[in-house]
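# Residue-level structure breakdown
Each chain, letter by letter, is given below.
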Amino acid sequence: MAGFSPLSAEQLRAFCDELGPQLDGDLRTDAMTRALYATDASMYAIEPEAVLIPQHARDVQIALKVADDYNVPVLPRGGGSSLAGQTVGAALVIDFTKHLDEILEINAEEQWARVQPGVVLDVLNEAAAEHGLMVGPDPAPSSRATLGGMLANNSTGTHSVQYGNFIHHVRSVKALLADGSAATFEPLDHDGWQARMRQSGLEGDIYRGLDALLAEQGDVVERDTPAHWRRNSGYRIEHLLNGDTRNLAELVCGSEGTLAVATELTLDLVPRPEQTALGIAHFHTRDDALRAVTSVLDTGPAAVELFDGVAIERARQTPGFRDRLSFIDGEPGSLLIVEYFGASQSELAADLDELEQVMNASSRGYQVVRLFDPDAIQNAWTVRKEGLGLLMGVKSEYKPWPVIEDASVPVEHLADYIQDLSRLIEGTDTKAVYYAHASAGCLHVRPFLNTKEAAEVEKMHAIAEGSMKLVKKYGGVVSSEHGDGLVRARMSERLLGEALYDVYRRTKALFDPKHLLNPGKVVDAPPMDENLRMGPDYQTRPIATEMDFSNDGGFAEAIELCNGNGACRKLKGGTMCPSFMVTREEEDSTRGRANALRAALSGQLPDEEWTGDRMYEVMDLCIQCKACKTECPSNVDMGKIKTEWLHHYWEDNGIPLRTRLFARQPQLARLIGGTPLAHMVNWVNRQTPIRALMEATVGISRERELPPFAARSFAQWYGKQSWPDEGPPVVLFADTFNNFHTPEVAQAAAAFLRATGHTVHLPQQTVCCGRTLLSKGFVNDAQLQALETVEALYPYAEEGIPIVGLEPSCILTLRDEFLSLLPGEPRAEALAEQAMTFEEFVAQRDKEGAFEAVAWNGAPRRTLLHGHCHQKALVGTTAAERALALPGTHVDTVDSGCCGMAGAFGYEAEHLDISHKMAERVLAPAVRETPDATCIAAPGFSCRSQIKDTTGRTALHPAQVLQQALQD
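Values in this document were obtained by computation on a predicted structure and should not be read as measured data. (Residues numbered from 1 in each chain as written. Predicted model: local features only at pLDDT ≥ 70, side-chain atom pairs only at ≥ 80, totals over all residues. Heavy atoms only, no water.)

### Re the overall build of the chain
When its secondary structure is counted, the chain shows 45 helices and 25 strands. Against the globule reference of 30 Å for 968 residues, the chain gives a C-alpha radius of gyration of 30 Å, in line with a compact fold. Contacts spanning at least 24 positions in sequence make up 75% of the contacts within the chain whose residues lie at least 6 apart. Summed over its atoms, the accessible surface of the chain is roughly 34,600 Å², and 47% of this surface lies on carbon and sulfur atoms. Here the chain carries 89 positive and 134 negative side-chain charges, and the mean point of each set is 3 Å from the other. (Helix = DSSP H or I, 4+ residues; strand = E, 2+ residues; numbered from the N terminus. Rg over C-alpha atoms; globule rule 2.2 N^0.38 Å. Contact = heavy atoms within 4.5 Å. Areas by Shrake-Rupley, 256 points an atom, 1.4 Å probe, with all protein chains shown as cover. Lys, Arg positive; Asp, Glu negative; His and termini not counted. Charge placed at Lys NZ, Arg CZ, Asp CG, Glu CD.)

### Remarks on a nonpolar patch on the surface
A cluster of nonpolar side chains, namely Leu 657, Leu 661, Leu 668 and Leu 671, defines an oily patch on the protein surface of about 360 Å² accessible area. For the nonpolar patch, the secondary structure elements donating two or more residues are α27 (657-663) and α28 (665-672). You can see Leu 657 is positioned in helix α27. A residue is classified by how much of its surface remains accessible, and Leu 657, at 52% relative accessible area, is exposed. (Patch = residues over 30% accessible without salt bridge, like charges linked within 9 Å, V, L, I, M, F, W, Y side chains within 5 Å. Salt bridge = Lys/Arg side-chain N within 4 Å of Asp/Glu carboxyl O. Buried < 20%, exposed > 50% of the residue type's maximum accessible area, 1.4 Å probe, protein only.)

### Looking at the pairing of strand β9 (residues 182-185)
Residues Ala 183 and Phe 185 line the buried face of β9, whereas the alternating positions Ala 182 and Thr 184 sit on a face that is not buried. Pairing analysis gives 4 bridges linking strand β8 (residues 170-176) to β9, with the strands arranged antiparallel. Looking at β9, one finds that Lys 174 is bridged to Thr 184. The antiparallel pairing of β8 with β9 creates a hairpin that spans 5 residues between the two strands, and Gly 180 there sits at a positive phi of about 90°. (Pairing = 2+ DSSP bridges.)

### Some points on the sheet that holds strand β13 (residues 303-308)
If you trace the 7 strands from one edge of the open sheet to the other, you get β15-β12-β14-β13-β17-β18-β16, paired in antiparallel fashion. Each having just a single partner strand, β15 (365-371) and β16 (399-400) make up the two edges of the open sheet. Judged from the 2 bridges that link them, β13 and strand β17 (residues 432-436) form a sheet pairing that is antiparallel. Among the inter-strand pairings, Leu 306 is bridged to a residue of β17, identified as Ala 436. Sheet contacts for helix α13 (residues 345-362): β12 (275-283), β14 (334-342) and β15; angle to β12, the most-contacted strand, approximately 15°. (Axes fitted to C-alpha atoms, helices over the stretch in contact; angles between N-to-C directions.)

### Quick word on the sheet that holds strand β21 (residues 803-805)
A sheet is described by the order of its strands in space; here 4 strands give the open sequence β20-β19-β21-β22, paired in parallel fashion. This sheet does not close on itself; its edge strands, each paired only once, are β20 (759-761) and β22 (835-837). Pairs of neighbouring strands in the sheet enclose a mean axial angle of 35°, with direction left out of account. Examined bridge by bridge, β21 and β22 share 3 bridges and lie parallel to one another. By the bridge assignment, Gly 805 is partnered in β22 with Thr 837. In the packing of helix α35 (residues 779-798) onto the sheet, the strands contacted are β19 (729-733), β20 and β21, and the crossing angle to β19 comes to about 165°. Its contacts with the sheet put helix α36 (residues 808-815) on β19, β21 and β22, and the angle it makes with β22 is roughly 155°.

### Quick notes on helix α16 (residues 414-427)
For α16, with 14 residues, the first-to-last C-alpha span of 20 Å sits near the 20 Å given by 1.5 Å per residue. Every buried residue of α16 is accounted for by Leu 414, Ala 415, Tyr 417, Ile 418, Asp 420, Leu 421, Ser 422 and Ile 425. Here the buried face of α16 lies against α10 (286-291), β17, β18 (444-449) and α17 (454-473). With its phi angle positive at about 60°, Asp 429 sits one or two positions after the end of α16. (Expected span 1.5 Å × (residues − 1).)

### Some remarks on the packing of aromatic side chains
Evaluated as defined, the whole model comprises 20 aromatic pairs. Aromatic side chains Phe 15 and Tyr 70 sit 6.1 Å apart centroid to centroid with 65° between the ring planes, which places their arrangement in the edge-to-face category. Placement of the pair is Phe 15 in helix α1 (residues 9-19) and Tyr 70 in helix α3 (residues 57-70), with a sequence separation of 55 residues. Accessibility expressed as a relative area gives 0% for Phe 15, which makes it buried. With relative accessibility at 32%, the residue Tyr 70 sits in the partly exposed group. Ring pairs connect the aromatic residues Tyr 616, Trp 645, Tyr 649 and Trp 650, which therefore count as one cluster. One residue, Arg 286, lies across the ring of Tyr 434, its end atom 3.6 Å from the ring centre. Just above the ring of Phe 549 sits the side chain of Lys 640; from NZ or CZ to the centre is 4.4 Å. (Phe/Tyr/Trp six-rings, centres within 6.5 Å; stacked < 30°, edge-to-face > 60°. Lys NZ or Arg CZ within 6 Å of the ring centre and 35° of its normal.)

### Some points on the pairing of strand β10 (residues 261-268)
With 7 of 8 residues buried, β10 lies mostly within the body of the structure. Two strands pair when backbone bridges link them, and strand β6 (residues 112-115) and β10 are joined in this way by 4 bridges, in the antiparallel orientation. By the bridge assignment for β10, Val 115 is matched with Leu 265. Taken together, the 6 bridges between β8 and β10 define a ladder with antiparallel strand orientation. Bridging from a neighbouring strand, Leu 176 pairs with Val 261 of β10.

### Let's talk about the packing of helix α23 (residues 590-602) against helix α26 (residues 638-653)
At a minimum axis distance of 11 Å, the contact between α23 and α26 shows a crossing angle of 40°. Comparing the axis directions of α23 and α26 gives the class oblique. Here α23 runs over α26; the crossing is left-handed. Listed contacts from α26 to Thr 590, Arg 593, Ala 594 and Leu 597 of α23 are Met 638, Ile 641 and Trp 645. (Parallel < 35°, antiparallel > 145°, perpendicular 65-115°, else oblique. Left-handed = near helix turned anticlockwise from the far one by under 90°.)

### A look at the packing of helix α33 (residues 743-755) against helix α39 (residues 838-847)
With their axes 12 Å apart at the nearest point, α33 and α39 run at an angle of 15° to one another. Looking at the two axes, α33 sits roughly parallel to α39. Between α33 and α39 lies a crossing of left-handed hand. On α39, the residues touching Ala 749, Phe 752 and Leu 753 of α33 are Phe 838, Phe 841 and Val 842. Along the lines of polarity and charge, the residues of the contact of α33 with α39 split into 6 nonpolar, no polar and no charged. (Nonpolar A, V, L, I, M, F, W, Y, C, P; charged D, E, K, R; others polar.)

### Details of the nonpolar core
Core analysis: the largest hydrophobic core is formed by 135 residues, its most contacted members being Leu 147, Phe 185, Ile 237, Leu 248 and Leu 336. Take this core: its biggest share by element is 8 residues, from helix α8 (residues 201-224). For Leu 147, the contacting residues outside a window of four places in its chain are Val 115, Pro 117, Val 119, Val 120, Leu 121, Leu 124, Phe 166, Leu 265 and Leu 267. (Core = buried A, V, L, I, M, F, W, Y, C linked by side-chain atoms within 4.5 Å.)

### A short note on the pattern of salt bridges
As enumerated under the stated definition, the model contains 66 salt bridges in all. Of the charged contacts, one joins Glu 695 and Arg 702 as a salt bridge, the two residues approaching to 3.5 Å between their closest N and O atoms. Here Glu 695 falls in the partly exposed class, since its relative accessible area comes to 26%. Bridged by salt links that share partners, the residues Lys 626, Lys 629, Asp 637, Arg 771, Asp 816 and Glu 817 form one connected network.

### Structural notes on the side chain of His 228
With respect to the helices and strands, the residue His 228 is situated in the loop between α8 and α9 (248-252). Classification of His 228 as buried rests on a relative accessible area of 6%. At a separation of 2.7 Å, a polar atom in the side chain of His 228 contacts the side chain of Ser 408. Excluding anything up to four places from it in sequence, His 228 contacts Ser 408, Val 409, Pro 410, Ala 440, Gly 475, Gly 476 and Val 477. (Polar contact = N/O pair within 3.5 Å; in protein donor to acceptor, adjacent residues only side chain to side chain.)

If you want it as structure tokens, here you go:
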């Protein structure tokens, strides 16, 4: 097909030689970058010819002009969250997300916004919220979906019955045509249209050609365009048929970058609802839920979403999600999440009353759970939105691929369509999951298929064909919101008819005579089984791993869990991929790293790239925060993957001195901390010439003061105490940092526990979690360390004594990596069961009433809490908030992501700048804005160090906060 034949090396070189010097942005042709952009959130992979990161719209215009001269295809790309393969192709891929991401104007009075195409939806919504406004269409990947991508995809979402598609909100588009000439698409009356027809060049050709095409084929367009309102197949040329005005911005909607390249767009905003409420309607079966939809719609909801029993079960099995299902009661076969907008709680309550009446009258549902609290509502929607990624993360060769998931039928036929479709899928001995926009007759159905097997690919064909026939039978469309792309465009001619399809082909030719704009996506597409990311020919070379990846199916399978959904590219909220939040580089996302490793293992990149310098650059900024382990809907554990990869990298490349020093930090601490050497070493480390020398020789930043060693360790202090053995026993895990660097933290914890009636034990044998070894890829040494620690602590675990840690990254290693370092070791499993953070222990004891008689001093005050990355990823901050609130303190938890120190990372000279930028993204400004009287609490040693370095404020460990709050 046009645009899918790779350029020759000579053609590509000539093109780049011509284009590169004219640009202010980055033109990248290296193999790694091309591998990073070869995939999106679909099941396809096509390596681009080159990648452009433009600085401004002029770069894009120059690129289009040179591409036109050299006949090079061009593919504009946003967040790469396309499910149909629109954003992959053998073309010059233009990534708008790094620089062309400015909100140019928000007109609150007239309720519209003017933006560049790389603006992310959540970012615009946050800015619009200040004016009481928001964007109407709300696709699930709102944290990374760009406005340019939403335009190209004609996006909609959960509230489509309320707000329709993007086409109903676009006002105008500034665009570049296929030859690089500029055009503005906006509403035109008859005279305005005629004026455009008189223009010269490609723009005039387009208006003249469209006018003739509409005059000639208008009847075909009107007759053959599907009547179902939620349609996204082909081009929306029917919008040019009627009315006093015509607006080519509407035609660009859903064109998938095949007609023009947007450089600026103006869209309508809508008022934010004053109040909202959810009714979570429970049903025994999916069919019961679907047959209730028409009656539910009679109550006037803003959204009705199906959450299928398979998705519910998957969420219950997923860390980070299972505890968020409080809105589900019992074991429903399906849920309908029904949302209402209103001006008051009483109005919303009346809506929910009506919903319950409908449920009772039909006898189809058995319960409605009501949600009025905004946080509870947000939680329910977040679980629903990320449900797709959860399903994609299933640990099996069988994945729920998006083959037929965009079909939509009139809602009155939805239950029958799904019933027939279920029979079809079951007839192929295939499982499937069902979810999404029941209100719009769009139920995303995903069959579980193994595209690595030819027979399964044939099955995929059969299911797609059968679904299309059913869609036609029920008067629906195969593309309702996710577009045609590579997966559905080939069906368009048979679904829509030859005459209408020919109109679409002619439309494409008018805008793009050479077929260079994202070819093969709306018309003239290749077969749906070409260019599969993991097709029958896909295979990976075996890797003998030191860590256990059996739960994932193996090391390659752990990487393949990444389905490309792009949640790691979010810019607001959470912790995942702090480096991407700062650099905005694809390679600094979990998706980018996973794609790079998969490309190396599967032969897409040369074998030497597996542990080459370029791969090191890709992996370098992964700070192993573990956020992807739970925030990624697919639970890709890139921190663990990096540890294993580093082990192989050092085997092939040797280990630098600085890496050895940081990995062996606990041994150095034991040699220096609590000895006469401490004062001398601390003095030496503070000297400016010494710090300059360390930076010049081993790369430790001169801007950082290394953590001072304590003259007396916590263990030495503990040995001087004479506490009676009274009260419930607890083992205090004295990690390296709080033993040899900040013993005052461990002392505060021990004093607090003792004062509140606990017997505090300290293991006689020195124990260490091996965190520094793991972070630097010293897996074998970490295994030995883990075994020593298990042997030392197992006797306590065997007796059921809690083992409490102060440093989240250390104590949580016992619950996480130890199980991969010592697979099948029952003592490690027993230890993991008893290990908990200090805050978890305090919160648990508080629930048991252990602190009811405790006397707290002074009046309540405010505390700002910054949670450690590992803490937030694996256990959350709820326990810390409860613990800190014990003295009557008001606790505010800042959504600060990663502090940026990340162990040794922030001390390494080449990482200093990005470390500071991570802190300055949210944490440092939040601390500076906090009044001096407010306590800053941070469980992490690195976090407290970063707060001190960047703000000058001293943060306390929660143990210190609680110990100081005890009445003397």
